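Residues per chain, in single letters:
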Amino acid sequence: MTHTGWIVTIILATAMLGGSAFDFHLPAIPLLPEQLGASVVQAQWTLAGFSFGFATSMLMFGALADLYSRRAVLLGGLGIFVPASLLCAMATTPEVLIAGRVLQGCAAASGNSVAPALIRSLYDEARSVRAMSIFSSLFGLIPVIAPALGALMIAAWGWQSIFWLIAGIGLLLVPAVGFAIPNDRPESHETDLWPVVRGYGWLLTHRKYLAYVGSQAMGFAGLLTFVLSSPYLITAHLGGNTTAFLLTQVIIISAYILGANGTGLLVHHFKTDGFILTGAATQLVGGAVLFAYAFLSDAPGWLAVAFIVAIFDAGHGIRSGAGFTKAMDIVPTHGARASSLLNFFCVALAGAGAASVAPFLAPYGLMPVALATFLFGSGSLVLLVLARRL
């Protein structure tokens with residue numbers, strides 16, 4: 001493997017470790033009331049706290065990565081992540097576990113903030129799209145593999161074992177990052193924090209960047225609105241059970257990975273904008289078919305829904321790596337901040353989408369999710385067309 005290959009491998013491993021820390025913990029949630037004396041609300045806060053920390057620190061790490069060397073930012077993130085994971089592993093009260101999860105979430109954002117900008121700085125446009133597509137594919141595997149592995153570890157050694165494993169991997173990554181990641185200066189050439197932070201304000205006034213970011217975020221939000229609603233939706237309204245939920249995850253994630261890998265394989269034959277447009281159009285088709293199915297079917301089934309949503313997810317896989325590369329190329333001196341702000345909008349809009357449909361799931365079942373997916377797909381394509389004209 002080339003030196004650049006090692007750099008990319010280590011940065012992807014660091015980002016994936018942060019991402020998997022959320023999903024590893026999922027099987028432990030039902031056990032916390034009995035084994036840690038947590039209430040149901042406190043158990044849920046071990047997830048919400050991680051998400052809160054991740055979202056709030058993402059912009060901070062993006063700014064720091066455009067001010068200092070990206071190696072320093074990654075090492076700083078691991079320097080918080082490892083002790084936070086150990087705190088979770090040794091927690092004896094729900095409050096300590098929640099605090100550890102918040103810190104863990106804050107630190108986990110460092111890899112996701114730095115990875116896209118660092119990858120873009122290492123490659124030309126085509127290779128960057130391919131690397132980002134591989135990045136997206138690997139991230140797509142986390143929601144399938146991490147909970148299953150976490151469940152096996154919890155059954156054998158208890159819920160604390162997942163945090164010991166995560167802390168150990170993080171500790172191993174410290175010397176890897178220290179030796180492999182270059183200590184070069186970012187493209188912004190800024191020397192003070194405040195001008196870097198103000199760069200977010202400039203990004204929020206850049207119409208072309210915002211249009212691309214809004215399009216990408218809407219595509220992601222449509223995907224996550226279904227995923228976050230699916231545990232209740234499948235079992236309560238679509239005639240499925242836990243196995244059906246797991247199979248649905250496998251189907252839609254496989255479609256996402258196929259879309260991302262297709263982009264990676266064909267990136268030298270088509271332009272970046274072509275992948276983004278193809279992905280957005282595919283998502284619109286998937287959203288329209290899902291909405292039509294929800295409207296016309298008296299008793300929608302989980303398997304049909306899974307394959308329809310797979311169309312939408314494949315579209316996002318096609319456009320994901322290309323979309324990140326395009327957003328950073330529009331504002332090359334704001335690379336880490338551009339990718340961090342894009343990530344922030346994706347997470348925020350996905351959360352807003354899931355929260356918006358939640359009150360309507362019980363009385364209306366699939367329809368509110370299908371409508372939201374269709375609207376997100378439509379809005380994504382409209383913003384993309386606008387961005388191409390700016």
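Anything mentioned here points back to the structure above.
Because the structure is a prediction, the values reported are computed rather than measured. (Residues numbered from 1 in each chain as written. Predicted model: local features only at pLDDT ≥ 70, side-chain atom pairs only at ≥ 80, totals over all residues. Heavy atoms only, no water.)

Draft legend 1. Region of the structure containing the overall build of the chain. A tally of helices and strands in the chain yields 14 helices and zero strands. Compactness check: the chain gives a C-alpha radius of gyration of 20 Å against a globular reference of 21 Å for 390 residues, within 12% of the reference. On the principal axes, the C-alpha backbone points of the chain span a range of 60 × 55 × 40 Å. Counting every position in the chain, which comprises 390 residues, the buried fraction comes to 53%. Long-range contacts, defined as pairs at least 24 residues apart, comprise 84% of the intrachain contacts of the chain with a sequence gap of at least 6. When the 16 positive and 14 negative side-chain charges of the chain are each reduced to one mean point, those points stand 10 Å apart. (Helix = DSSP H or I, 4+ residues; strand = E, 2+ residues; numbered from the N terminus. Rg over C-alpha atoms; globule rule 2.2 N^0.38 Å. Buried < 20%, exposed > 50% of the residue type's maximum accessible area, 1.4 Å probe, protein only. Contact = heavy atoms within 4.5 Å. Lys, Arg positive; Asp, Glu negative; His and termini not counted. Charge placed at Lys NZ, Arg CZ, Asp CG, Glu CD.)

Draft legend 2. Just helix H4 (residues 70-89), in detail. Taking 1.5 Å of rise per residue, 20 residues should cover 28 Å, and H4 covers 28 Å from first to last C-alpha, within 8% of that figure. Those residues of H4 that fall on the buried side of the exposure criterion are Arg 70, Val 73, Leu 74, Gly 77, Leu 78, Phe 81, Val 82, Ala 84, Ser 85, Cys 88 and Ala 89. For H4, the secondary structure elements touched by its buried residues are helix H1 (3-24), helix H3 (40-65), helix H5 (94-122), helix H7 (160-180) and helix H13 (335-364). (Expected span 1.5 Å × (residues − 1).)

Draft legend 3. Molecular detail of the side chain of Thr 325. Inspection of the secondary structure puts Thr 325 in helix H12 (residues 302-330). What makes Thr 325 buried here is its relative accessible area of 0%.

Draft legend 4. Representation of the packing of helix H9 (residues 207-236) against helix H10 (residues 242-266) within the structure. At a minimum axis separation of 10 Å, H9 and H10 run at an interaxial angle of 165 degrees. If you check the angle between H9 and H10, you find them roughly antiparallel. Along this stretch, H9 crosses H10, giving a crossing that reads as right-handed. Here H9 contributes Leu 223, Phe 226, Val 227, Ser 230, Pro 231 and Ile 234 to the contact with H10, which in turn contributes Ala 244, Phe 245, Thr 248, Gln 249, Ile 252 and Tyr 256. The residue makeup of the contact of H9 with H10, split by class, is nine nonpolar, three polar and no charged. (Axes fitted to C-alpha atoms, helices over the stretch in contact; angles between N-to-C directions. Parallel < 35°, antiparallel > 145°, perpendicular 65-115°, else oblique. Left-handed = near helix turned anticlockwise from the far one by under 90°. Nonpolar A, V, L, I, M, F, W, Y, C, P; charged D, E, K, R; others polar.)

Draft legend 5. Local environment of H1. With 22 residues, H1 extends 30 Å from end C-alpha to end C-alpha; this agrees with the ideal 32 Å at 1.5 Å per step. Gly 18 marks the point of greatest bend in H1, at about 25 degrees. (Bend = angle between axes of the 7 residues up to and from the residue.)

Draft legend 6. Seen up close, the packing of H5 against H12. Running from amino to carboxyl end, H5 crosses H12 at an angle of 75 degrees, the nearest separation of the two axes being 10 Å. Between H5 and H12, the angle is such that the two are roughly perpendicular. Residues Pro 116, Ala 117 and Arg 120 of H5 form the contact with H12, whose own contacting residues are Phe 324, Thr 325, Met 328 and Asp 329. The class makeup of the residues in the contact of H5 with H12 is four nonpolar, one polar and two charged.

Draft legend 7. Main features of the packing of aromatic side chains. For the structure shown, the criterion picks out six aromatic pairs. Geometrically, the ring pair formed by Trp 159 and Phe 163 is edge-to-face, given 6.2 Å between the ring centres and 85 degrees between the ring planes. What makes Phe 163 buried here is its relative accessible area of 0%. Members of the aromatic cluster, each reached through a chain of ring pairs, are Phe 22, Phe 50 and Phe 54. (Phe/Tyr/Trp six-rings, centres within 6.5 Å; stacked < 30°, edge-to-face > 60°.)

Draft legend 8. Layout of the environment of Met 218. You can see Met 218 is positioned in helix H9. Sequence separation between Met 218 and Leu 381 is 163 residues; the distance between their C-alpha atoms is 9.0 Å. The residues touching Met 218, leaving out its near neighbours within four places in the chain, are Leu 349, Phe 376, Gly 379, Ser 380 and Leu 383.

Draft legend 9. Quick look at the nonpolar core. In terms of nonpolar packing, the biggest core is built from 66 residues, with Ile 11, Phe 81, Val 114, Ile 181, Tyr 209 and Leu 342 touching the most fellow members. Ranked by residues supplied to this core, first place goes to H1 with nine residues. For Ile 11, the contacting residues outside a window of four places in its chain are Leu 74, Gly 111, Val 114, Ala 115, Leu 118, Ile 119 and Ile 181. Grouped together as the second largest cluster of nonpolar side chains are 27 residues, Ala 244, Tyr 256, Val 305 and Ala 372 included. (Core = buried A, V, L, I, M, F, W, Y, C linked by side-chain atoms within 4.5 Å.)

Draft legend 10. How the structure looks around the environment of Gln 283. Among the secondary structure elements, Gln 283 is positioned in helix H11 (residues 272-296). Spatially, the C-alpha atoms of Gln 283 and Thr 373 are 8.7 Å apart, while their sequence positions differ by 90 residues. Every residue in contact with Gln 283, bar those within four places of it in the chain, is listed here: Gly 219, Phe 312, Gly 315, His 316, Arg 319 and Ser 380. In this structure the side chain of Gln 283 is engaged in a polar contact, spanning 3.1 Å, whose partner is the backbone oxygen of Gly 219. At 3.1 Å, the side chain of Gln 283 forms a polar contact with the side chain of Arg 319. (Polar contact = N/O pair within 3.5 Å; in protein donor to acceptor, adjacent residues only side chain to side chain.)

Draft legend 11. Main features of the pattern of salt bridges. A full pass over the atoms with the stated rule returns one salt bridge. Lys 326 serves as the salt-bridge partner of Asp 273, at 3.6 Å between the closest nitrogen and oxygen. Highlighted residues: Asp 273 in helix H11 and Lys 326 in helix H12, separated in sequence by 53 residues. (Salt bridge = Lys/Arg side-chain N within 4 Å of Asp/Glu carboxyl O.)

Draft legend 12. Expanded view of the environment of Phe 295. On the secondary structure map, Phe 295 appears in helix H11. Between the C-alpha atoms of Phe 295 and Gly 259, which are 36 residues apart in sequence, the distance is 27 Å.

Draft legend 13. Seen up close, the side chain of Ser 20. Among the secondary structure elements, Ser 20 is positioned in helix H1. Here Ser 20 falls in the buried class, since its relative accessible area comes to 9%. At 3.0 Å, the side chain of Ser 20 and the backbone oxygen of Leu 17 are in polar contact. Excluding residues that lie within four positions of it along the chain, Ser 20 makes contacts with Ile 142 and Ala 146.

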